[in-house]
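Listed below, chain by chain, are the residues.
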Amino acid sequence: MRIQGLQKLTLLDYPGKTACTIFLSGCNFRCPFCHNAPLLTAADEDGMDEDELLAFLKKRQGLLDGVAVTGGEPLLRPELPALLEKIKALGYAIKLDTNGAFPEQLEAVVCAGLADYVAMDIKNSPARYAETAGVPGLALTPIFRSVSFLLRGTVDYEFRTTAVAELHDDASFVQLGDWLMGARRYYIQRFQPRDTVLRAGLSAPSEMQLHCWAELVRPKIPAVEIRGI
């Protein structure tokens, strides 16, 4: 298995831990605001060899606490559990980022003890999910199953929504609060326009708007915070 990117140090990607972040290619969504769009179709041969990654992690033992695994969508990769096993064997905690479209794989990884923290992207309210994920006609049953699994508290987790002015509105966050009621943590992340996103012309909500949306969610999810301001 090859890795398409490595951020050698992050204090932000894994809450409460000093970590590195590895990026895997491939995704089943085409979110118009995706910050990692070049990873969607990156070829494996362009990436870092798995042995290189493990050698790096061996050198950082005692200096880093954890490894954040992101993409793309990591759970697309059938080789992922084997890689996570090797990372765990080196003594690292693992944070897994996912879009929740593969609940069986998510549950298997968690139940095997290969993820210590899961961050699931919640694209929008169900009514606007397909549009925001960039997949017309997207079936939401797998997403609902992943949300329900995490809400049971089998693993530490967070839900997060990247807020885009053109894709989200008050109704979105009222419905998200109802859907994710009682969640342990929920973050509203401010979209940051970049040249690499899939759709031009998207913009960031104002700081005032973000706070308004957080207040709409807070009655159902008290632990809601805003990132990116």
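What you see is a predicted model, and the numbers here were worked out from it, not measured in a lab.

### Some words on the overall build of the protein chain
Then, in step 1: Summing up its helical and strand segments, the protein chain has seven helices and ten strands in all.
Then, in step 2: In terms of C-alpha radius of gyration, the protein chain reaches 17 Å, essentially the compact-globule figure of 17 Å for 229 residues.
Then, in step 3: Its C-alpha atoms give the protein chain principal-axis dimensions of roughly 45 × 35 × 35 Å.
Then, in step 4: Contacts spanning at least 24 positions in sequence make up 72% of the contacts within the protein chain whose residues lie at least 6 apart.
Then, in step 5: Accessible surface for the protein chain amounts to roughly 10,000 Å². Of this, 52% is attributable to carbon and sulfur atoms.
Then, in step 6: When the 24 positive and 28 negative side-chain charges of the protein chain are each reduced to one mean point, those points stand 3 Å apart.

### What to know about unusual backbone geometry
Then, in step 1: Between Gly 71 and the following residue, Gly 72, the backbone shows a cis peptide bond with an omega angle of 10 degrees.
Then, in step 2: Relative to the helices and strands, Gly 72 resides in the loop between β5 (66-70) and α2 (80-89).

### Some details on the environment of Leu 75
Then, in step 1: Turning to its location among the elements, Leu 75 is positioned in the loop between β5 and α2.
Then, in step 2: With a relative accessible area of 5%, Leu 75 lands in the buried category.
Then, in step 3: For the pair Leu 75 and Leu 63, spaced twelve residues apart in sequence, the C-alpha to C-alpha distance is 27 Å.
Then, in step 4: Discounting chain neighbours no more than four positions away, the residues touching Leu 75 are Leu 80, Leu 96, Thr 98, Phe 102, Gln 105, Leu 106 and Val 109.

### Examining the nonpolar core
Nonpolar side chains in soluble globular proteins generally cluster together in the buried interior.
Then, in step 1: One finds Leu 57, Phe 159, Leu 180 and Tyr 186 to be the most contacted residues of the largest nonpolar core, which totals 68 residues.
Then, in step 2: Ignoring anything within four residues of it in the chain, the contact list for Tyr 186 reads Phe 159, Arg 160, Thr 161, Phe 173, Leu 176, Leu 180, Val 217, Ile 221, Ala 223, Val 224 and Glu 225.

### Section: a nonpolar patch on the surface
Then, in step 1: A cluster of nonpolar residues, Leu 9, Leu 11 and Leu 12, forms a patch on the protein surface that exposes about 370 Å² of accessible area.
Then, in step 2: Looking at the secondary structure, you find Leu 11 in the loop between β2 (5-10) and β3 (19-23).
Then, in step 3: Overall, Leu 11 belongs to the exposed group, its relative accessible area being 61%.

### A word on the layout of surface pockets
Then, in step 1: Roughly 1,000 Å³ of volume is contained in the largest pocket.
Then, in step 2: Lining the largest pocket are 35 residues, and of these His 35, Asn 36, Arg 160, Thr 162 and Gln 189 sit closest to its centre.
Then, in step 3: Looking at the lining of the largest pocket, the elements that each hand over two or more residues are β3, β6 (93-98), β8 (156-163) and β9 (186-190).
Then, in step 4: In terms of residue class, the lining of the largest pocket is made up of ten nonpolar, 13 polar and twelve charged.

### Focus: helix α6 (residues 170-179)
Then, in step 1: Taken residue by residue, α6 has Ser 172, Phe 173, Leu 176, Gly 177 and Trp 179 as its buried positions. The buried side chains of α6 occupy one side of the element, clustering within an arc of 160 degrees when seen end-on.
Then, in step 2: With a side-chain oxygen positioned 3.3 Å from the backbone nitrogen of Ala 171, the residue opening α6 is Asp 169.

### Remarks on the sheet that holds β6
Then, in step 1: Within the open sheet, the eight strands sit side by side as β2-β3-β5-β6-β7-β8-β9-β10. Their pairing is mixed. Only two strands of the sheet have a single neighbouring strand rather than two, namely β2 and β10 (224-227). Along the sheet, successive strands turn relative to each other by an average axial angle of 20 degrees, direction set aside.
Then, in step 2: Where α2 meets the sheet, its contacts fall on β3, β5 and β6, and the angle it forms with β6 comes to roughly 155 degrees.

### Observations concerning the pairing of β3
Then, in step 1: Most of β3 is tucked away, with five of its five residues classed as buried.
Then, in step 2: Sheet analysis places β2 next to β3, joined by four bridges and oriented antiparallel. Bridge pairing in β3 links Thr 10 to Ala 19.
Then, in step 3: Both β3 and β5 contribute to a ladder of five bridges, which runs parallel. The residue of β5 that forms the bridge with Cys 20 is Val 67.

### What to know about the side chain of Asp 97
Then, in step 1: With respect to the helices and strands, the residue Asp 97 is situated in strand β6.
Then, in step 2: Ignoring anything within four residues of it in the chain, the contact list for Asp 97 reads Val 69, Thr 70, Glu 73, Pro 74, Ala 119 and Arg 160.

Reading the values: the criteria
- Residues numbered from 1 in each chain as written.
- Predicted model: local features only at pLDDT ≥ 70, side-chain atom pairs only at ≥ 80, totals over all residues.
- Heavy atoms only, no water.
- Helix = DSSP H or I, 4+ residues; strand = E, 2+ residues; numbered from the N terminus.
- Rg over C-alpha atoms; globule rule 2.2 N^0.38 Å.
- Contact = heavy atoms within 4.5 Å.
- Areas by Shrake-Rupley, 256 points an atom, 1.4 Å probe, with all protein chains shown as cover.
- Lys, Arg positive; Asp, Glu negative; His and termini not counted.
- Charge placed at Lys NZ, Arg CZ, Asp CG, Glu CD.
- Buried < 20%, exposed > 50% of the residue type's maximum accessible area, 1.4 Å probe, protein only.
- Core = buried A, V, L, I, M, F, W, Y, C linked by side-chain atoms within 4.5 Å.
- Patch = residues over 30% accessible without salt bridge, like charges linked within 9 Å, V, L, I, M, F, W, Y side chains within 5 Å.
- Salt bridge = Lys/Arg side-chain N within 4 Å of Asp/Glu carboxyl O.
- 1 Å grid on protein atoms, 1.4 Å probe; cavity = no way out; pocket = protein on both sides within 12 Å on 5 of 7 lines; lining within 4 Å.
- Points joined across faces, edges and corners; volume = space filled by probe spheres on them.
- Nonpolar A, V, L, I, M, F, W, Y, C, P; charged D, E, K, R; others polar.
- Arc of directions from axis to C-beta.
- Polar contact = N/O pair within 3.5 Å; in protein donor to acceptor, adjacent residues only side chain to side chain.
- Pairing = 2+ DSSP bridges.
- Axes fitted to C-alpha atoms, helices over the stretch in contact; angles between N-to-C directions.

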